[in-house]
Amino acid sequence: QKEVEQDPGPLSVPEGAIVSLNCTYSNSAFQYFMWYRQYSRKGPELLMYTYSSGNKEDGRFTAQVDKSSKYISLFIRDSQPSDSATYLCAMVTSYDKVIFGPGTSLSVIP
Amino acid sequence: DGGITQSPKYLFRKEGQNVTLSCEQNLNHDAMYWYRQDPGQGLRLIYYSQIVNDFQKGDIAEGYSVSREKKESFPLTVTSAQKNPTAFYLCASSHLQGAWETQYFGPGTRLLVL
């Protein structure tokens, strides 16, 4: 079993839809959780960073962490065509080892 | 305009050849990293450096080498010992090692084997 699992997609939604992206993990040592957005042939950019269970909101983006279920989510409200990208989750252990998920490809159709 | 630059954008390697990927940052970050990205896999850490003249192996360092002679620069050499070098290589930096919320990535170099 991989340490971090993420559905690769592709996920296709109409403009304005609410998008839910998810990652599951098996290592209970993960302390910090991040979401990155990566446009095609570009480097990833950090969207959200959190270390506690619960929700963290930033504009149209909400990151949710459920440590008891080892499950994290990224919600995108009012999705736009410019949100079309690959979304990577990443997790960091208390001893600073970071593991990235393989990414979910998202297409928002106008 | 602060950021990370990587060059070249595309690089072709012949069998048995060593090639060097450039990474430069003007963010005044102490820590720098090299990752490899393959289709369907998460980013994997090759090497990282917390400070000038110091670097550590990551999870997949075999067949790669690095140097950190200047704070701004962290070049990666893909040696002939790396038997499967075709991948997208990403350089990143952060304020300090472990300050993940400050980590920025460069635009990447795609390496192809001829």
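Residues numbered from 1 in each chain as written. Chains lettered and ligands numbered in written order. Predicted model: local features only at pLDDT ≥ 70, side-chain atom pairs only at ≥ 80, totals over all residues. Heavy atoms only, no water.

### Focus: the overall build of chain A
- Along its length, chain A carries zero helices and 11 strands.
- If you list the helices and strands of chain A from N to C, you get β-β-β-β-β-β-β-β-β-β-β.
- Taking 110 residues into account, the globule formula puts the C-alpha radius of gyration at 13 Å, and chain A, at 13 Å, falls close to it.
- Expressed as a percentage of the 110 residues in chain A, the buried residues total 43%.
- A fraction of 54% describes how many contacts in chain A between residues 6 or more apart in sequence connect residues 24 or more apart.
- Element-wise, carbon and sulfur atoms account for 48% of the exposed surface of chain A, whose accessible area totals about 5300 Å².
- Distance between charge centroids for chain A: 5 Å, based on 10 positive and 11 negative side chains. (Helix = DSSP H or I, 4+ residues; strand = E, 2+ residues; numbered from the N terminus. Rg over C-alpha atoms; globule rule 2.2 N^0.38 Å. Buried < 20%, exposed > 50% of the residue type's maximum accessible area, 1.4 Å probe, protein only. Contact = heavy atoms within 4.5 Å. Areas by Shrake-Rupley, 256 points an atom, 1.4 Å probe, with all protein chains shown as cover. Lys, Arg positive; Asp, Glu negative; His and termini not counted. Charge placed at Lys NZ, Arg CZ, Asp CG, Glu CD.)

### Topic: the interface of chain B and chain A
- Each partner contributes to the interface: chain B provides 19 residues, whereas chain A provides 18 residues.
- Taken together, the two surfaces of chain B and chain A that pack against each other cover about 1500 Å², and 56% of this comes from carbon and sulfur.
- The tally of links from chain B across to chain A stands at one salt bridge.
- Residue Lys97 of chain A is joined to Asp59 of chain B by a salt bridge in which the shortest nitrogen-to-oxygen separation is 2.8 Å. (Buried area = accessible area lost by both parts, 1.4 Å probe. Salt bridge = Lys/Arg side-chain N within 4 Å of Asp/Glu carboxyl O.)

### Looking at the nonpolar core
- Trp35, Ile72, Leu74, Tyr87 and Met91 of chain A are the most contacted members of the largest nonpolar core, which has 24 residues in total.
- Mapped by element, the contributors of at least two residues to this core are strand E3 (19-25), strand E4 (30-38), strand E5 (45-50), strand E7 (61-66), strand E8 (71-76), strand E9 (85-93) and strand E11 (104-109) of chain A. (Core = buried A, V, L, I, M, F, W, Y, C linked by side-chain atoms within 4.5 Å.)

### Quick look at the sheet that holds strand E3 (residues 19-25) of chain B
Residues and elements named next belong to chain B.
- Within the open sheet, the four strands sit side by side as E1-E3-E8-E7. Their pairing is antiparallel. Two strands lie at the open edges of the sheet, namely strand E1 (4-7) and strand E7 (64-66), each paired on one side alone. Each adjacent strand pair in this sheet contributes to an overall mean axis angle of 20 degrees, direction not counted.
- Across four bridges, E1 lies against E3 in antiparallel orientation. (Pairing = 2+ DSSP bridges. Axes fitted to C-alpha atoms, helices over the stretch in contact; angles between N-to-C directions.)

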